[in-house]
Structure formats: C-alpha cells, structure tokens
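Listed below, chain by chain, are the residues.
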Amino acid sequence: MSDQVSKYNYPSSQTGGVKPLSIRGIFEDERRRLSEEFTDEERAWRKQWLKDQVLSPNEPRPESEEWIREVRNPIRRFLSKPWQLLESSTAPVIGKTVAAHVRYIIPKTIVILAATYVTWYHLKYNQNDWTRCYGVTVTMPKPRAFPGDTNFPAQAEKVEPNDFCDRGFKDRKVFLD
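Residues numbered from 1 in each chain as written. Predicted model: local features only at pLDDT ≥ 70, side-chain atom pairs only at ≥ 80, totals over all residues. Heavy atoms only, no water.

- Taking an unreviewed UniProt entry as the reference, the protein is identified by name as NADH dehydrogenase [ubiquinone] 1 beta subcomplex subunit 6 belonging to Argiope bruennichi.

This is the structure:
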C-alpha cells in the first residue's frame, strides 16, 4: 500500500517528483564541450541542435481562421468579432501590441461596469420592505460611540419592541385606515 501513490500524495514540485531534464543534454557545460572526450559526432549533433533552436522567419504563426473556427464555439466567435475588428482597425495607428492590450482590456472593463451597474440598480430599487418578500435587506449599524465622545452613549434607532423587523411598515403611505 505504501508503494502506491494515493490521490492526494503527490510530491510538491513542478516536475512531480521526477528530476528535471535539461534539453541541452550533457553538452550544456562549456568545459565538457571543450574537453577531449567531446567527439566530432557530438560536435555535429550540437551544431544541428543549435541550428534547430533558431525560429524560421514566419514564426510564431498567427492563428488561422480555420484553427479559430475549429477550436472556438460559435457564440465565442460572434462575441469576439467586434473586438477583432477594433484591434485590426487600430493596430496600424497604435501598434499591434497596444491594440492587443486594448482588445483584451476594453471588453473586461465593460463587463465589470455592467455588473457594477446591475448590482447597484438591484440594491437601489429592489430593497426588501413590507410590500414584498424578496430583495436585499440593507441595514445600517448603530453609530460608534466611545466613552468621552459627545454622543456617548449612542442611542439605537430601534427603541420600541415593534421597531424590530418593521421593514418600513410604520413609514407607509397607503392602507392607513
């Protein structure tokens, strides 16, 4: 049982307990490459490896339309189309990097503002009072008062027993008969 790895018994490292392996191989060390044990075959291998690390002029490749159509769902493509048009129209003026940042920031800012406005509207116009059984109950705490303050001891707004859980019933303007 101790040889098996349980669900939560993983080692806490980036490599999962396995020693990290350098892709440079044994030729990472300059002293070793310059030593006599470094053969011509290994030199050719190192030369080819260094050649492979150079990117071609057309890399990194931009995302193609086919790839986007394959990976992203239609709703996401529809919602991102205006921002793609904004980015493509502003890129010649402000640069590709800044246009990409603008495309990333503006939709998120709009969503945060919309969520803030919806929350504010809901809190302001859908408060829980005696006329409805839903909505947000907004209560104000009793003001702080410490010994030595001018308003010490602070008086609570609710002093009568029927003030508690009133929900604005006493302040009503209808059904006063």
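**Describing the overall build of the protein**
Move 1: The secondary structure content of the protein amounts to 5 helices and 0 strands.
Move 2: Going from the N terminus to the C terminus, the protein shows its helices and strands as α-α-α-α-α.
Move 3: Split into buried and exposed, the 177 residues of the protein put 9% on the buried side.
Move 4: Pairs at least 24 residues apart make up 21% of the contacts formed inside the protein by residues separated by at least 6 positions.
Move 5: For the protein, the accessible area works out to roughly 16700 Å², and carbon and sulfur atoms hold 59% of it.
Move 6: The centroid of the 28 positive side-chain charges in the protein is displaced by 4 Å from the centroid of its 24 negative side-chain charges. (Helix = DSSP H or I, 4+ residues; strand = E, 2+ residues; numbered from the N terminus. Buried < 20%, exposed > 50% of the residue type's maximum accessible area, 1.4 Å probe, protein only. Contact = heavy atoms within 4.5 Å. Areas by Shrake-Rupley, 256 points an atom, 1.4 Å probe, with all protein chains shown as cover. Lys, Arg positive; Asp, Glu negative; His and termini not counted. Charge placed at Lys NZ, Arg CZ, Asp CG, Glu CD.)

**Side note on the packing of aromatic side chains**
Move 1: Scanning the model with the defined rule gives 2 aromatic pairs in all.
Move 2: Centroid distance Y121 to Y125: 4.9 Å. Interplanar angle 50°. Geometry classified as tilted. Of this pair, Y121 and Y125 both sit in helix α5 (residues 96–125), separated by 4 residues, roughly a single helical turn.
Move 3: We classify Y125 as partly exposed; its relative accessible area is 49%. (Phe/Tyr/Trp six-rings, centres within 6.5 Å; stacked < 30°, edge-to-face > 60°.)

**Section: the pattern of salt bridges**
Move 1: Counted under the stated rule, the structure contains 4 salt bridges.
Move 2: We note a salt bridge from R43 to D40, for which the minimum N-O separation is 3.7 Å. Of this pair, R43 and D40 both sit in helix α2 (residues 40–52), separated by 3 residues, roughly a single helical turn.
Move 3: E87 serves as the salt-bridge partner of R103, at 2.9 Å between the closest nitrogen and oxygen. Of the two residues, R103 is situated in helix α5 and E87 in helix α4 (residues 74–94); the sequence distance between them amounts to 16 residues.
Move 4: A relative accessible area of 24% places R103 in the partly exposed class. (Salt bridge = Lys/Arg side-chain N within 4 Å of Asp/Glu carboxyl O.)

**So, the layout of surface pockets**
Move 1: In this structure, the largest pocket encloses a volume near 660 Å³.
Move 2: What lines the largest pocket is a set of 21 residues, among which V138, T139, M140, E157 and K158 lie closest to the centre.
Move 3: Listing elements by their share of the lining of the second largest pocket, those giving two or more residues are α3 (65–71), α4 and α5.
Move 4: Within the lining of the second largest pocket, the residues separate by chemical class into 3 nonpolar, 1 polar and 6 charged. (1 Å grid on protein atoms, 1.4 Å probe; cavity = no way out; pocket = protein on both sides within 12 Å on 5 of 7 lines; lining within 4 Å. Points joined across faces, edges and corners; volume = space filled by probe spheres on them. Nonpolar A, V, L, I, M, F, W, Y, C, P; charged D, E, K, R; others polar.)

**Here we look at the packing of α4 against α5**
Move 1: Closest axis-to-axis distance for the α4/α5 pair is 8 Å, and the angle between their directions is 145°. Judged by the sense of rotation from one axis to the other, the crossing of α4 with α5 is right-handed. Contacts between α4 and α5 pair S80, W83, Q84, L86, E87, T90, A91 and I94 from the former with K96, V98, A99, A100, V102, R103, I106, P107 and I110 from the latter.
Move 2: Classifying every residue of the contact of α4 with α5 gives 11 nonpolar, 3 polar and 3 charged. (Axes fitted to C-alpha atoms, helices over the stretch in contact; angles between N-to-C directions. Left-handed = near helix turned anticlockwise from the far one by under 90°.)

**Description of unusual backbone geometry**
Move 1: Residue P153 follows F152 across a cis peptide bond; omega there is -10°.
Move 2: Considering the arrangement of structural elements, one finds P153 in the segment after α5.

**So, the side chain of R72**
Move 1: For R72, the position within the fold is in the loop between α3 and α4.
Move 2: Discounting residues that sit within four places of it in the chain, R72 has contacts with E63, R77 and Q84.

**So, a nonpolar patch on the surface**
Move 1: On the surface, I75, F78 and L79 cluster together into a nonpolar patch covering about 380 Å² of accessible area.
Move 2: Note on placement: L79 falls in helix α4.
Move 3: The class of L79 is exposed, set by a relative accessible area of 54%. (Patch = residues over 30% accessible without salt bridge, like charges linked within 9 Å, V, L, I, M, F, W, Y side chains within 5 Å.)

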